[in-house]
Amino acid sequence: MCGIVGYIGYEDVKETILSGLEKLEYRGYDSSGIAILNGTGLHIYKDKGRIAHLREIVDFGKEGTLGIGHTRWATHGKPNKINSHPHQSSTKRFTLVHNGIIENEDLLRMEYLQGVQCESDTDTEVVAQMIQKFTDEGKEPELAIRYTLTLIEGSYALAIIDCENPDVIYVAKNKSPLLIGKGKEFNMVASDAMAMIHHTNEFYELQDKEFAIISRNDVSIYNLFGMQIQRDIFLGELDASDIEKGTYPHYMLKEIDEQPFVIRRIIANYQDENGNLYIDQKIIEAVRSSDKVYIIACGTSYNAGLAGKHLLEKIASKSTEIHVSSEFVYNMPLLSDRPIFIFISQSGETADSRAVLVKVKEMGYPTLALTNVKGSTLYRETDYQLLLHAGPEIAVASTKAYTAQIAVLAILACRIKPCTKVDMLRELSIVANVMEALCDNKDLYEDLAKQYLSDTRNCFYIGRHVDYYTCLEAALKLKEISYIQTEGFAAGELKHGTIALIENDTPVIAVITQESINLNTRSNIKEVKARGAAVITIALKRISSDADQIIIGDVHEYLTPLVSIIPTQLLAYYAALHRGCDIDKPRNLAKSVTVE
Ligand code: M6R
């Protein structure tokens, strides 16, 4: 949600900032803007819409060596030109871009900005106006900014230009992501490394409530009281090619295809030199010594957590509860005596999950993050961390992170109970091979999507046991990118109400991977067929029948969610493709949801 790019150097900044913003498009946005400072003053171009549109309105004749850019996902005020960033103070001296939410905006307006006319509906403009006010009252700009930051409550990543000082960009961070990129004769700042990796792979991490002054040849980091902080550079692990689409038409398709490789990478990263499963003993002990695991997550990560709960209970005999973050934080259930909290999050930045983390940390409970992003907020703020090794996931619809989450949870479950009979490394290798075979069968999914999903209004996924969890994730995928109203249902539950929605030709997709429920789900298929449903079945080979349209190669019964999801991801992809949807950037959605 919202992306920031800033650059100060000796070259013209426009292309660097615009292409940096393009690399942040995956985060989700509805408007964009850029400000460039040069000898003739400050030039702002901004509007509702995509970066492609911003490129059309930018005056490429205006050169400048300092600039800031922004993609906005509207929270305060409609997505329109006025509310787009950059925002300015009323004298136009200070110009800034912001990611986050200023929670005490009303209070700040009342206390400090009486009589100041704001142009936009945004909380962000308040920050610019306050910096101006304190500067007008005699504070040096740097002090005015730091003082403003001490008064703000909420989250922010900020890049600020003072028109009277063309040699620096001020930046600050609290709760929202921001990284500083160190270059040769330039420095950069951005919401994540993807926007900078083509220019540098040396970064400074900015921590919460820190402030930095970035000039062409220097980066100085301070706390909000002005004390300088020494910070080491770290080398980005990102490879520039990881964030390119290559020959793929969409990131989503590329990321679906990467899943066998991700599973193999997980196998490589979670084994020791003797070829045994490896997870840090401290993590194992922390989970073992708890009396219950609480999984906290949102969206796809929640759905992966459902499969994870099954693995922890079946393989490790560990009692596990799973909760949606946004519910848990305000309606906490009665907890066990010695809980451990596992936060599952691709981005590691999800505000709903972080709100739970803050709460359970205050209560003194141990916490573990399962995330794809090293150094992300959840990664930094938890006691223990496990990485997904999925590589950057750019499409808004999560695919490879989902399977990586389940695979890492499977490994964790095996390590907690080493006497388990499951040879997890071998079983995961089989999973990778089966995934590959499924990904090679794209024509089948495209044909089925065309036939069943190209003009339907709604759709149902049905399954039992772990297949029900797969159905929830499959339904989320289909609805978020194709906008078909889709529900995932426990197959046995349909007859208790929802079957009333089945009409002639309503697509119902059944997932069957468990022997114990094979016949039950097949009975439910008959029930919906009798009411006119157009049924597709996805079945595991060893329990399949000739009439099943999609057959999945055999894998261990605990690991079927890793493979049964692949056809559903591809059905969603082709349904969205044939319906002309914006697959990588579905409407109204953001990749990392940094507001509660
Ligand atoms: O980064 P996170 O895993 O914490 O994100 C959680 C959800 O916002 C995310 O999984 C969302 O549901 C995806 N768009 C689903 O494809």
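These numbers come from a predicted model, not from an experiment.

**As for the site of the ligand**
Close to the ligand lie 15 residues; Ser 301, Ser 345, Ser 347, Thr 350 and Glu 480 are nearest. Contact distances for the ligand include 2.8 Å between an oxygen atom and a side-chain N or O atom of Lys 477. Here the ligand has 410 Å² of accessible area as a free molecule, and 91% of this is covered by the chains. Counting only elements with at least two residues in the shell around the ligand, the list comes to helix 9 (299–314) and helix 16 (466–482). Residue assignment places the shell around the ligand across two domains, with domain 2 (246–255 + 271–426) and domain 3 (441–583) each supplying three or more.

**Comments concerning the pairing of strand 18 (residues 339–345)**
Burial of strand 18 is extensive: seven of the seven residues sit out of reach of the surface. Residues of strand 18 alternate between two faces, with Pro 339, Phe 341, Phe 343 and Ser 345 on one and Ile 340, Ile 342 and Ile 344 on the opposite face, all of them buried. Relative to strand 18, strand 16 (residues 292–297) runs parallel, the two sharing five bridges. By the bridge assignment, Val 293 is partnered in strand 18 with Ile 340. Two elements, strand 18 and strand 19 (residues 367–371), share five bridges in a ladder whose sense is parallel. The partner of Ser 345 across the bridge, within strand 19, is Thr 371. Tracing the backbone out of strand 18, into helix 11 (residues 351–362) and back to the parallel element strand 19 gives a crossover that is right-handed.

**Here's the deal with the sheet that holds strand 16**
Strands sit in the order 17-16-18-19-20 across an open sheet of five strands; the sheet is parallel. Edge strands, defined here as strands with exactly one partner in the open sheet, are strand 17 (320–324) and strand 20 (384–387). Within this sheet the neighbouring strands show an average axis-to-axis angle of 20°, counted without direction. Inspection of the sheet shows strand 19 paired to strand 20 by four bridges, in the parallel sense. Across the sheet, the residue bridging to Ala 369 is Gln 385, located in strand 20. Strands in contact with helix 11 are strand 16, strand 18 and strand 19; relative to strand 18, the strand with the most contacts, it is inclined by about 160°.

**A short note on the pattern of salt bridges**
Taken as a whole, this structure holds 34 salt bridges when the rule is applied. The shortest N-O distance in the salt bridge between Arg 380 and Glu 205 comes to 3.0 Å. Of this pair, Arg 380 sits in helix 12 (residues 377–381) while Glu 205 sits in strand 11 (residues 202–205), and the two are 175 residues apart along the sequence. Overall, Glu 205 belongs to the partly exposed group, its relative accessible area being 22%. Here Arg 264 and Glu 436 are joined by a salt bridge, their closest N and O atoms 3.0 Å apart. Of this pair, Arg 264 sits in helix 7 (residues 259–269) while Glu 436 is found in helix 14 (residues 424–439), placing the two residues 172 residues apart along the sequence. Judged by its relative accessible area of 32%, Arg 264 is partly exposed. Put simply, Lys 173, Asp 208, Arg 354 and Glu 381 are held in one network by salt bridges that share partners.

**Considerations on the packing of helix 16 against helix 18 (residues 560–578)**
At a minimum axis distance of 9 Å, the contact between helix 16 and helix 18 shows a crossing angle of 20°. By the angle between their directions, the pair helix 16 and helix 18 is classed as roughly parallel. Read as a crossing pair, helix 16 and helix 18 show a hand that is right-handed. When helix 16 is examined against helix 18, the residues Val 466, Asp 467, Thr 470, Glu 473, Ala 474, Lys 477, Leu 478, Ile 481 and Ser 482 are found in contact with a partner set consisting of Thr 560, Pro 561, Ser 564, Ile 565, Thr 568, Gln 569, Ala 572, Tyr 573, Ala 575 and Ala 576. Residues that form the contact of helix 16 with helix 18 fall into these classes: 10 nonpolar, six polar and three charged.

**Concerning the pairing of strand 17**
With five bridges connecting them, strand 16 and strand 17 associate as parallel partners. When the sheet's bridge partners are listed, Ile 295 is paired in strand 17 with Ile 322. Viewed along the sheet, the connection from strand 16 through helix 9 into strand 17 turns out right-handed.

**A few points about the sheet that holds strand 23 (residues 507–512)**
Two strands in a sheet stick together by hydrogen bonds in their backbones, pointing the same way (parallel) or opposite ways (antiparallel). Within the open sheet, the five strands sit side by side as 22-21-23-24-25. Their pairing is parallel. Two strands in the sheet have a free side with no partner beyond their single neighbour: strand 22 (485–490) and strand 25 (550–552). With direction set aside, neighbouring strand axes in the sheet form an average angle of 15°. Across three bridges, the pairing between strand 21 (residues 458–463) and strand 23 is parallel. Its bridge partner lying in strand 23, Tyr 461 is registered against Ile 509. Where helix 16 meets the sheet, its contacts fall on strand 21, strand 22 and strand 23, and the angle it forms with strand 22 comes to roughly 175°. Across the face of the sheet, helix 18 comes into contact with strand 21, strand 23, strand 24 (534–540) and strand 25 while running at roughly 150° to strand 25.

Quick notes on the rules
- Sequence positions are assigned chain by chain, starting from 1 and proceeding in written order.
- Predicted model: local features are reported for residues with pLDDT of at least 70 only, side-chain atom pairs are reported and counted for 80 or more only, and whole-chain, interface and lining totals are derived from all residues.
- To obtain the side-chain values, all non-hydrogen atoms of the structure were included, while hydrogens and water were left out.
- Residues are classed as near a molecule or strand on a simple rule: at least one heavy atom within 4 Å of it.
- Here a polar contact is taken to be a pair of N or O atoms separated by no more than 3.5 Å, where protein atoms must pair a possible hydrogen donor with a possible acceptor and residues adjacent in sequence count only if both atoms sit in side chains.
- Each accessible area is a Shrake-Rupley estimate made with a 1.4 Å probe; only the visible protein chains count as cover when residues are assessed.
- Only DSSP runs of H or I reaching four residues or more are called helices, and only runs of E reaching two or more are called strands; each is numbered from the N terminus.
- Start and end positions for the domains come from either an automated domain assignment or a database one.
- Type-normalised accessible area, obtained with a 1.4 Å probe on protein chains alone, sets the label of each residue: buried when under 20%, exposed when over 50%, and partly exposed for intermediate values.
- By definition, two strands form a pair when at least two bridges between them are found by DSSP.
- The handedness rule is simple: strands pointing away from the viewer, and a clockwise path from the first strand over the helix to the second, make the crossover right-handed.
- Here the axes come from fitting lines to C-alpha atoms, over the contacting stretch only for helices, and the angles between their N-to-C directions go from 0 to 180 degrees.
- Whether two residues are in contact is decided by their heavy atoms, any of which lying within 4.5 Å being enough.
- The term salt bridge refers to a pairing of a side-chain nitrogen on Lys or Arg with a carboxyl oxygen on Asp or Glu at a separation within 4 Å.
- The labels follow the angle: roughly parallel below 35 degrees, roughly antiparallel above 145, roughly perpendicular from 65 to 115, and oblique for the rest.
- Note: crossing handedness is left-handed where the near helix turns anticlockwise from the far helix by less than a right angle, and right-handed where it turns clockwise.
- Think of it as three bins: nonpolar holds Ala, Val, Leu, Ile, Met, Phe, Trp, Tyr, Cys and Pro, charged holds Asp, Glu, Lys and Arg, and polar takes everything else, Gly as well.

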